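Reading the structure
One letter stands for each residue in the lines below.
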Amino acid sequence: MEAYKRWVRRNKEYVHSLESLANGLTWLLPERFSESEIIPEAVTSILGIVTAVNEHIIETTPTNPSQMHTRPPETSSFPYSLFLTLMKDVETLVEVMAQHFYGDDNKWNFIAATEATKVLARLALLRNSGYKMLLHGGETVNDEKGPNNANQPQTRGHPFQQGRNGHFTHEGRALAAMSRFGENARMISDPTWFHRAEHHERAITQLPETDIKRPTLLSFLSEKGLPGGLLIMGEVMFIARPLVYVLLIRKYGSRSWLPWFVSLTIDVIGMSSSTMLLTSQNARKLHLSDPEKDELRRRKLLLALYLMRDPCFGKYTRRRLESTEKTLGHVPVVGFLAAKLIELLVGAQTRYTYMSGS
């Protein structure tokens, strides 16, 4: 494993090229593999896991060149961000396999177990980070260094989080392509992406051992006061919301309005709690960095996913989409593109993990 780490760190550009090539080759899979979603999803998950592990290896590159040839000291900190990224890479495969082998109703047991695992990991990460806001659900490390965080690299995820888990039907392939296009554009246009390991490690190595003592919940609340309580409240509600939503669907069904309304209520209350931190009075005690402000905007965008979730989608959104398709159907090119886009949206809506926002 150490030899593999050294090879990845020395050949970063080559590794990223191989990953892009492998993702592109998935479009050339024989059509017979598309008859079952399990095999394509397994291939996508494996590629996602390999990519996540390689990125983690690059991010943890030692700053001292001499350490490249030695075994690094063991750390007691669990890589929660990597773990959450791996969970995102396999969650759609879990959903597909559960539905295939256990049916539509029982698949929610497996989805609930997946969401519960992510809740525990995110709560642990929240505590381990010193009660800082989770960026992209914990997949991005929140260093909170100030204004320079505006240039902090983002994770592979995006607000709708469906691309990297897309299956090899027409819907999944197109969604994955759109996601990868944005990722590749970012890596090409931002050469500092390849040097984020040095930036990240420098921040860690410059801190003495006594300076990285993490605050307890009581000390954090006593120091930050009401703004600290608002931050904790917003983060806990953001973390717990997907699990509550899945448990309610498991009990009442996806066609019931109760899970939809309860989930929306939790999101709105949590969002309101976090947004109150932007007021001038609260900002004096708890300053939000630029990445944290971007995270709040990202979470507001996630509210649009409620239009794509049943029963709202089945009763309102789908009718609007079909009406739009009929209206634009007579327009050359535009009608064709609109029909394909609507087909993608309808196809993606069939999977919980594509529209979960978690």
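Residues numbered from 1 in each chain as written. Predicted model: local features only at pLDDT ≥ 70, side-chain atom pairs only at ≥ 80, totals over all residues. Heavy atoms only, no water.

Moving on: the packing of aromatic side chains. In total, this model carries 13 aromatic pairs according to the counting rule given. For the pair Y4 and W7, a centre-to-centre distance of 6.4 Å together with 25° between the ring planes defines the contact as stacked. A residue pair is termed a helical-turn pair when its members lie 3 or 4 positions apart in one helix, as Y4 and W7 do in helix α1 (residues 2-10) at three residues. On the accessibility criterion, Y4 (34% relative accessible area) is partly exposed. According to the relative accessible area criterion, W7 is partly exposed, its value standing at 38%. When the ring of W260 is compared with that of F261, the centres are 5.1 Å apart and the planes differ by 90°; the resulting orientation is edge-to-face. (Phe/Tyr/Trp six-rings, centres within 6.5 Å; stacked < 30°, edge-to-face > 60°. Helix = DSSP H or I, 4+ residues; strand = E, 2+ residues; numbered from the N terminus. Buried < 20%, exposed > 50% of the residue type's maximum accessible area, 1.4 Å probe, protein only.)

Moving on, we get to helix α9 (residues 257-275). Here α9 spans 26 Å end to end across 19 residues, near enough to the 27 Å set by a 1.5 Å rise per residue. Where α9 is concerned, the buried positions are P259, W260, S263, I266, D267, G270, M271, S273 and S274. Next to the buried residues of α9 lie α8 (226-252), α11 (290-302) and α12 (312-328). Structurally, the start of α9 carries an N-cap: the backbone nitrogen of L258 is 3.2 Å from a side-chain oxygen of S256. (Expected span 1.5 Å × (residues − 1). Contact = heavy atoms within 4.5 Å. Polar contact = N/O pair within 3.5 Å; in protein donor to acceptor, adjacent residues only side chain to side chain.)

Here we take up the packing of α1 against helix α3 (residues 38-59). It is the contact of α1 with α3, at a shortest axis distance of 9 Å, that shows an interaxial angle of 80°. On the basis of their axis angle, the class for α1 and α3 is roughly perpendicular. Together, Y4, K5, V8 and R9 of α1 and N54, I57 and I58 of α3 make up the contact between the two elements. Considered class by class, the residues forming the contact of α1 with α3 number four nonpolar, one polar and two charged. (Axes fitted to C-alpha atoms, helices over the stretch in contact; angles between N-to-C directions. Parallel < 35°, antiparallel > 145°, perpendicular 65-115°, else oblique. Nonpolar A, V, L, I, M, F, W, Y, C, P; charged D, E, K, R; others polar.)

Attention shifts here to the confidence of the model for the chain. Predicted coordinates in areas of low pLDDT are best not read in detail. Taken over all residues, the pLDDT of the chain has a mean of 79, while the share at 70 or more is 73%. Overall, residues 146-171 carries pLDDT values under 50, and its contacts beyond four positions in sequence, including any with other chains, amount to 82 contacts. pLDDT under 50 marks residues 176-211. Its contacts with residues more than four places away, or in other chains, come to 44 contacts. (pLDDT = per-residue confidence, 0-100.)

Moving on, we get to helix α4 (residues 80-128). If you check α4, its first and last C-alpha atoms are just 9 Å apart, much less than what 49 residues at 1.5 Å a residue would give, namely 72 Å. Largest kink in α4: about 130°, centred on Y102. A positive phi of about 80° marks G130, the residue just after α4. (Bend = angle between axes of the 7 residues up to and from the residue.)

So, on to the packing of α3 against α4. For any two helices packed against each other, one specifies the inter-axial angle together with the distance between the axes. Relative orientation of the contacting elements α3 and α4 amounts to 170°, with a least axis distance of 9 Å. In this view, α3 runs roughly antiparallel relative to α4, as classed from their interaxial angle. Of the residues in α4, those touching α3 at I38, E41, A42, S45, G48, I49, A52, V53 and H56 are L82, T85, L86, D89, V90, T92, L93, V96, M97, H100 and F101. The residue inventory of the contact of α3 with α4, partitioned by class, reads twelve nonpolar, six polar and two charged.

Turning our attention to the side chain of E95. Positionally, E95 belongs in helix α4. Here T353 takes part through its side chain, which lies 2.9 Å from a polar atom of the side chain of E95. Apart from the residues lying within four places of it in its own chain, the contact partners of E95 are K107, I111, T350, R351, Y352 and T353.

Another aspect to go through is the pattern of salt bridges. Across all of its chains, the model carries 14 salt bridges by this definition. Close ionic contact of E2 with K5 constitutes a salt bridge, the shortest N to O distance being 3.7 Å. Residue E2 and its partner K5 are located together in helix α1, separated by three residues, close to a single helical turn. Comparing E2 with K5 shows no difference in burial state: the two are buried. For the salt bridge of E223 with K224, the shortest nitrogen-to-oxygen distance reads 3.9 Å. By relative accessible area, E223 is classed as exposed at 56%. Among the residues examined, K224 registers a relative accessible area of 19% and is labelled buried. Through salt bridges with shared partners, a single network forms among K88, E91, E115 and K118. (Salt bridge = Lys/Arg side-chain N within 4 Å of Asp/Glu carboxyl O.)

On to the nonpolar core. Of all hydrophobic cores here, the largest spans 19 residues; its most connected members are L231 and L277. Of all the secondary-structure elements, those providing two or more residues to this core are α4 and α8. The next biggest cluster of nonpolar side chains, apart from the first, holds ten residues, and it includes L305, L321, I342 and A348. (Core = buried A, V, L, I, M, F, W, Y, C linked by side-chain atoms within 4.5 Å.)

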